[in-house]
Amino acid sequence: RARFQSKGLLVPFVRDQKSDFANDSGEALAVAKVLQVLGTKPGDIDWHPAFGCDLHKARHKNNTPILQAMIRRSIQDAFVKWLPSLVLQGVDMTASGRELYIAVRFNERTGAGTRFAEDLAVTVPLPIAA
């Protein structure tokens, strides 16, 4: 399987010192890839309409156990389909007002387990119903 040895664009897009978009490898690239998949709604990219995660379907819904199960499943499916070199370690959710904060923990998959010394994490806010 491919490892994160190659470079790739970081998300959010920022300019580097060479008037180009910043790129990196390793942990920074892994985090950027997860943010890109979770932040893209299928259909947003004309030339790759299947790419992304269905988190948009949970927007402005009531925070229920069923909604949280749907979110977990959407994230699991996105990791399997678009991030096969990463292992999803967990998805935790915390509601605060009209926001649901989705914390996703992951690591890189290797033949002998995982690569990064500690799991990486990103948190994605999602607007929910009051």
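Everything that follows concerns the structure shown earlier in this document.
One structure accompanies this document, and this report is about it. (Residues numbered from 1 in each chain as written. Predicted model: local features only at pLDDT ≥ 70, side-chain atom pairs only at ≥ 80, totals over all residues. Heavy atoms only, no water.)

The secondary structure content of the chain amounts to two helices and six strands. The order of helices and strands in the chain, counted from the N terminus, is β-β-α-α-β-β-β-β. With 130 residues in all, the chain has 35% of them scored as buried. Contacts spanning at least 24 positions in sequence make up 42% of the contacts within the chain whose residues lie at least 6 apart. Accessible area of the chain: about 7,800 Å², with a carbon and sulfur share of 51%. (Helix = DSSP H or I, 4+ residues; strand = E, 2+ residues; numbered from the N terminus. Buried < 20%, exposed > 50% of the residue type's maximum accessible area, 1.4 Å probe, protein only. Contact = heavy atoms within 4.5 Å. Areas by Shrake-Rupley, 256 points an atom, 1.4 Å probe, with all protein chains shown as cover.)

This brings us to the packing of aromatic side chains. Here the structure, examined in full by the defined rule, presents two aromatic pairs. With centroids separated by 6.1 Å and ring planes inclined at 55°, the aromatic side chains of Phe79 and Phe106 adopt a geometry described as tilted. Here the residue Phe79 occupies a position in helix α2 (residues 65-82), and Phe106 occupies one in strand β4 (residues 99-110), the gap between them amounting to 27 residues. Residue Phe79 shares its accessibility class with Phe106, and that shared class is buried. (Phe/Tyr/Trp six-rings, centres within 6.5 Å; stacked < 30°, edge-to-face > 60°.)

Let us look at the pattern of salt bridges. Under the counting rule described, the total for this entry stands at four salt bridges. Ionic pairing is found between Asp54 and Lys57, a salt bridge with its closest N-O pair at 3.9 Å. Between Arg105 and Asp92 there is a salt bridge, and its shortest N-O distance comes to 2.6 Å. Taken together, the residues Arg105 in strand β4 and Asp92 in strand β3 (residues 86-96) connect sequence positions 13 residues apart. Given a relative accessible area of 29%, Arg105 falls into the partly exposed group. (Salt bridge = Lys/Arg side-chain N within 4 Å of Asp/Glu carboxyl O.)

With that settled, the discussion passes to the nonpolar core. One finds Leu38, Ile71, Ile75, Ile102 and Phe106 to be the most contacted residues of the largest nonpolar core, which totals 28 residues. The element contributing the most residues to this core is α2, with five residues. Setting aside residues up to four positions removed in sequence, Ile102 forms contacts with Leu55, Ile71, Ile75, Val91, Asp92, Met93, Val122, Thr123, Val124 and Leu126. (Core = buried A, V, L, I, M, F, W, Y, C linked by side-chain atoms within 4.5 Å.)

Across 10 bridges, the pairing between β3 and β4 is antiparallel. Residue pairing in the sheet places Leu86 in a bridge with Glu108 of β4. Hairpin remark: β3 followed by β4, antiparallel, with two residues in the connecting loop; positive phi at Gly97, about 65°. Alignment of β4 against strand β6 (residues 120-127), held across eight bridges, turns out to be antiparallel. Directly across from Phe106, in β6, lies its bridge partner Leu120. Bridge count between β4 and strand β5 (residues 113-114): two bridges; the pairing is antiparallel. When the bridges of β5 are listed, Arg109 appears paired with Thr114. (Pairing = 2+ DSSP bridges.)

Note that every value here comes from positions in space, so none of it alone points to a role or purpose.
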